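So the chains spell out like this:
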Amino acid sequence: QVQLVESGGGLVQAGGSLRLSCAASGITFSGYAMGWFRQAPGKEREFVATIRSVGGRTDYADSVKGRFTISRDNAKNTVYLQMNSLNPEDTAVYYCAARGGYSDDPTLLRNLHAYDYWGQGTQVTVSS
């Protein structure tokens, strides 16, 4: 049984930081690309960041580039999203996702439909 469990969300003031974690089980974690997506109320789920299964290459949405950092610890089966300089527009439910196999196609890895498994999400609220 595959499980992705996010944690680390909460309420933070604008300009603050949060670190999200996503612990995976039931998969060979090192063989999966991992992604973070977010969904604000009334909006579609959108890409935030992704990290390859091999080599650790990362890609970011333009809206978070330079502020957010995705990383992974294969020994702990965990992917992280360090979020700095948060602003109210970052308020959303944040989801982690896992995609099996290797792909170096950034367009593919930005597509939520390319992912096999999803977590339940964690709420991030940024107050002004």
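Here the residue index of a chain counts from 1 through its sequence in written order. Two thresholds apply to this predicted model, a pLDDT of at least 70 for residue-level local features and 80 or more for giving and counting side-chain atom pairs, whereas whole-chain, interface and lining totals are computed over all residues. Excluded from the side-chain calculations are hydrogens and water; all other atoms, namely the structure's heavy atoms, are used.

Q: Looking at this model, I keep getting lost on the side chain of Thr 122. Mind explaining?
A: Within the secondary structure, Thr 122 is located in strand β11 (residues 122-127). Exposure classes here rest on a 1.4 Å probe applied to the protein chains alone. A residue is buried below 20% of its type maximum, exposed above 50%, and partly exposed in between. The exposure class of Thr 122 is buried, given its relative accessible area of 10%. Contacts described as polar in this section are N or O atom pairs within 3.5 Å, which, within protein, must combine one atom able to donate a hydrogen with one able to accept it, while residues neighboring in sequence count only if both atoms come from side chains. At 3.3 Å, the side chain of Thr 122 forms a polar contact with the backbone nitrogen of Gly 9. Note on contacts: a residue pair qualifies if any of its non-hydrogen atoms lie within 4.5 Å across the two residues. Setting aside residues no more than four positions away along its own chain, Thr 122 makes contact with Glu 6, Ser 7, Gly 8, Gly 9, Leu 20, Ala 92, Val 93 and Tyr 94. Counting from the N terminus, the helices are the DSSP runs of H or I reaching at least four residues and the strands are the DSSP runs of E reaching at least two.

Q: In this structure, what is going on with unusual backbone geometry? I would like to understand it.
A: Here the phi dihedral of Asn 77 falls at roughly 55 degrees; this positive angle occurs in a residue that is not glycine. Within the secondary structure, Asn 77 sits in the loop between β7 (68-73) and β8 (78-83). Residue classification places Asn 77 among the partly exposed residues on the basis of a relative accessible area of 26%. Although it is not a glycine, Ser 85 adopts a positive phi angle of roughly 50 degrees. Tracing the backbone through its elements, the reader meets Ser 85 in the loop between β8 and β9 (92-100). Here Ser 85 falls in the partly exposed class, since its relative accessible area comes to 44%.

Q: What should I look at first to understand the sheet that holds β8 in this one?
A: Working definition: the strands of a sheet are paired by backbone hydrogen bonds and lie parallel or antiparallel to each other. When DSSP finds two or more bridges between a pair of strands, those strands are recorded as paired. Judged by pairing direction, the sheet is antiparallel, and its 4 strands sit side by side in the order β1-β3-β8-β7 without closing on themselves. On the outer flanks of this sheet lie β1 (3-7) and β7, each paired with one strand and no other. Between one strand axis and the next, the sheet turns through 15 degrees on average, direction left out of account. Lines are fitted to the C-alpha atoms to define the axes, a helix being fitted only along its stretch in contact, and any angle between axes, read from their N-to-C directions, falls within 0 to 180 degrees.

Q: Just checking my understanding: could you explain the pattern of salt bridges for this structure?
A: Note that side chains of opposite charge can pair when their charged atoms are close. Take a side-chain nitrogen of Lys or Arg and a carboxyl oxygen of Asp or Glu: if they are within 4 Å of each other, that pair is a salt bridge. Using the criterion set out here, one finds 7 salt bridges in the structure. In the salt-bridge network here, residues are joined through shared partners; they are Arg 38, Glu 46, Arg 67 and Asp 90.

Q: Please clarify how the state of the cysteines should be interpreted in this entry.
A: Should the sulfur atoms of two cysteines be covalently bonded, the bond is a disulfide. Cysteine sulfur atoms that come within 2.5 Å of each other are treated as a disulfide pair. Evaluation of the coordinates by the stated rule reveals 1 disulfide. With its sulfur 1.9 Å from that of its partner, Cys 22 forms a disulfide with Cys 96. Of this pair, Cys 22 sits in strand β3 (residues 18-25) while Cys 96 sits in strand β9; the two residues are 74 residues apart in sequence, bridging distant segments of the chain. For Cys 22, a relative accessible area of 0% puts it in the buried group.

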